[in-house]
Amino acid sequence: MAAYLCPPAVIHGEHHVQTSQIVAEVRDRHPHAAWAPRIDGIAASTGIETRGWMLPLEAAVAPGNGGGLRAVGIGSAQEALARDGFTQQDVDRVIAALEAIPAPQTVQERTAPAWEAVQSYGERAARGALQIAGLDAADIDCLITSHSTTPALPGLDIALANKLPLRNDVMLLPATQWACIAGTRSLALAADLVAADPDRVVLVVIAEALSTTYQPSDDSLESLIVRMLFADTAVAVVVTGRPRRESVLRLDAAWHHTLPGTQDLHRLETRADGTHFVMDRRGPRAVQQTVTAMWEWLRVRYQDDPDSWHPDVLLAHPGGTRVLEYMEQTMPDAWPSGLLDHSRDSYTSGNRGGAAVFDIMRRAHDAGQQPGSRAVLYAAAPGLTATALEGEWL
């Protein structure tokens, strides 16, 4: 396995949403929630002061286009009131009052503008990656895409095939449910594709509008945390089977791991008002198991050189800083400190889901890496499933 990566293009959400804005909005909407007295401490514990969204906060909290009678309809409500003996004047007054009650946004009202943004951001990221690699859309042989938070059919692959545009014979591989693992798993798939045909050129594009999981009416503690964590990002990278002048990282091996019986720990649920990200407090401990398994993979891979081999940088997206702390605590003592600095830096402006590993890679590249430095890329996602890659900076 030898796959060569050009530097990724990273497009952050252009609407800067402050944590203080979220705290104010949530406090005003849910003043009597059990966690309300602790909201400032919860916000501070995230370490995030601002994050970029593809759409403004106002778009997430705005009411829907219909009033309180949207579900049953005005006619049905009038008939029911008349049957109960209300006069026509009373009926009209009640109907007017109910219609004035703001209704939550429907799934369509919430997701449609986000899907348009995902396509636009994805196109910008794709064009940026092509420019970085010194290639044209006509040079692409395969396109891998992921966008878990805005379900659509056709998806981002077809949208980009038309917008760029790509050749008619390009292999399109949409992977809409990879979520947080999209960065590493797409690279593992791209590496397999170029190993089969070294002349093949693969473009990977991941665009996530995670802000669509911001649900104003949900007063659970988990929903409060989700509101504060997520950021919107589109990323793209070109992968080739032969080194190019623009190549900066070679991938040498991939590893996959899935924990049975953990599919319900983290998940997306589609409800009447849109997409909800549901978290389970057992999740971080389960993710830690995949980290332990990855350490064992690396130990076996370098068992002939156990004392001198170590990565020079870890590009890790385990879903949160708690697991980053676990990674630091469990990695071999002889490994240098600071391996996760770029991963931590990425989290200070939000959890980017499937786009995170490319964002972390871009930060590491911009900071400068010595040729020959070893890199490990790792991500875990709902499932629970994990993929890691190991390679060398060029």
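These numbers were taken from a predicted model, which means no experiment stands behind them. (Residues numbered from 1 in each chain as written. Predicted model: local features only at pLDDT ≥ 70, side-chain atom pairs only at ≥ 80, totals over all residues. Heavy atoms only, no water.)

A. A look at the overall build of the chain. A tally of regular secondary structure across the chain gives 13 helices and 14 strands. Taken over the C-alpha atoms alone, the chain extends approximately 85 × 50 × 35 Å along its principal axes. Of the contacts made within the chain by residues no fewer than 6 positions apart, 81% connect residues no fewer than 24 positions apart. Seen as two clouds, the 32 positive and the 47 negative side-chain charges of the chain have centres 1 Å apart. (Helix = DSSP H or I, 4+ residues; strand = E, 2+ residues; numbered from the N terminus. Contact = heavy atoms within 4.5 Å. Lys, Arg positive; Asp, Glu negative; His and termini not counted. Charge placed at Lys NZ, Arg CZ, Asp CG, Glu CD.)

B. The state of the cysteines, seen in detail. This model, assessed by the stated rule, comprises 0 disulfides. Take Cys-6: it sits in no disulfide, and the sulfur closest to it among the cysteines is that of Cys-142, at 15 Å. You can call Cys-6 buried: its relative accessible area is 1%. (Disulfide = S-S within 2.5 Å. Buried < 20%, exposed > 50% of the residue type's maximum accessible area, 1.4 Å probe, protein only.)

C. Inspection of the UniProt feature "domain: Chalcone/stilbene synthase N-terminal" (unreviewed entry) in the chain at higher detail. The UniProt record marks residues 105-242 with the feature "domain: Chalcone/stilbene synthase N-terminal" (unreviewed entry), using the residue numbering of this structure. Split by type, residues 105-242 is 43% helix and 18% strand. Its first and last C-alpha atoms lie 49 Å apart. (UniProt positions renumbered as here; feature names shortened; annotations may be inferred.)

D. View of the domain arrangement of the chain. When cut into domains, the chain gives domain 1 (3-63 + 104-240) and domain 2 (249-393). The distance between the C-alpha centroids of domain 1 and domain 2 comes to 18 Å. Summed over both partners, the interface of domain 1 with domain 2 comes to about 3700 Å²; 65% of that surface belongs to carbon and sulfur atoms. On the domain 1 side of the interface with domain 2, the three residues burying the most area are Leu-5, Cys-180 and Thr-184, jointly 16% of the side's total. Summed over the shared surface of domain 1 and domain 2, the number is 1 salt bridge. With a closest N to O distance of 3.8 Å, Arg-271 and Asp-218 form a salt bridge. Of all the secondary structure elements, the ones that give two or more residues to the side of domain 1 that touches domain 2 are strand 1 (3-5), strand 2 (9-12), strand 4 (50-53), helix 6 (107-133), helix 8 (182-196), strand 7 (201-208), helix 9 (221-229) and strand 8 (233-240). Here the element with the most residues in the side of domain 1 that touches domain 2 is helix 8; it accounts for 7 residues. Among the residues making up the side of domain 1 that touches domain 2, the classes are represented as 30 nonpolar, 14 polar and 6 charged. (Domains from an automatic or database assignment. Buried area = accessible area lost by both parts, 1.4 Å probe. Salt bridge = Lys/Arg side-chain N within 4 Å of Asp/Glu carboxyl O. Nonpolar A, V, L, I, M, F, W, Y, C, P; charged D, E, K, R; others polar.)

E. The arrangement of the packing of helix 10 (residues 283-301) against helix 11 (residues 321-330) in detail. Where helix 10 contacts helix 11, the axes come no closer than 10 Å and their chain directions differ by 35°. The interaxial crossing formed by helix 10 with helix 11 has right-handed handedness. Touching Pro-284, Val-287, Gln-288, Val-291, Thr-292, Met-294 and Trp-295 of helix 10 are Arg-322, Val-323, Tyr-326, Met-327 and Thr-330, all from helix 11. For the contact of helix 10 with helix 11, a count of residues per class yields 8 nonpolar, 3 polar and 1 charged. (Axes fitted to C-alpha atoms, helices over the stretch in contact; angles between N-to-C directions. Left-handed = near helix turned anticlockwise from the far one by under 90°.)

F. Quick look at unusual backbone geometry. The omega angle of the peptide bond from Leu-153 to Pro-154 is 0°, so this bond is cis rather than trans. Here Pro-154 lies in the loop between strand 5 (142-146) and helix 7 (156-163). Look at the link from Leu-164 to Pro-165: it is a cis peptide, with omega at -15°. With respect to the element layout, Pro-165 can be found in the loop between helix 7 and strand 6 (171-174). A positive phi angle is found at Ala-179, which is not glycine, with a value near 55°. In this structure, Ala-179 sits in the loop between strand 6 and helix 8.

G. Quick peek at helix 1 (residues 19-29). Listed in full, the buried residues belonging to helix 1 are Thr-19, Ile-22, Val-23, Glu-25 and Val-26. For helix 1, the angular spread of buried residues about the axis comes to 165°, placing them on one side. Among the exposed residues of helix 1, those pointing more than 90 degrees away from its buried face are Ser-20 and Asp-28. On the buried face of helix 1, the contacting elements are strand 3 (15-18), helix 2 (39-45), strand 4, helix 3 (57-61) and helix 9. (Arc of directions from axis to C-beta.)

H. Spatial organisation of the environment of Phe-277. Among the structural elements, Phe-277 can be located in strand 11 (residues 274-279). Looking at Phe-277, the relative accessible area reads 17%, which means it is buried. On a C-alpha basis, the gap between Phe-277 and Thr-387 in space is 21 Å, while along the polypeptide they are 110 residues apart. If sequence neighbours within four positions are ignored, Phe-277 has contacts with Thr-213, Val-226, Phe-230, His-266, Arg-267, Leu-268 and Pro-382.

I. Region of interest: the nonpolar core. Core analysis: the biggest nonpolar cluster contains 39 residues, and Leu-187, Val-202, Leu-249 and Leu-377 have the highest contact counts within it. Ranked by the residues each element gives to this core, the list is headed by helix 8, at 7 residues. Taken domain by domain, the makeup of this core includes at least three residues from each of domain 1 (3-63 + 104-240) and domain 2 (249-393). Listed in part, the 32 residues of the second largest apolar core include Met-54, Trp-115, Tyr-121 and Leu-203. (Core = buried A, V, L, I, M, F, W, Y, C linked by side-chain atoms within 4.5 Å.)

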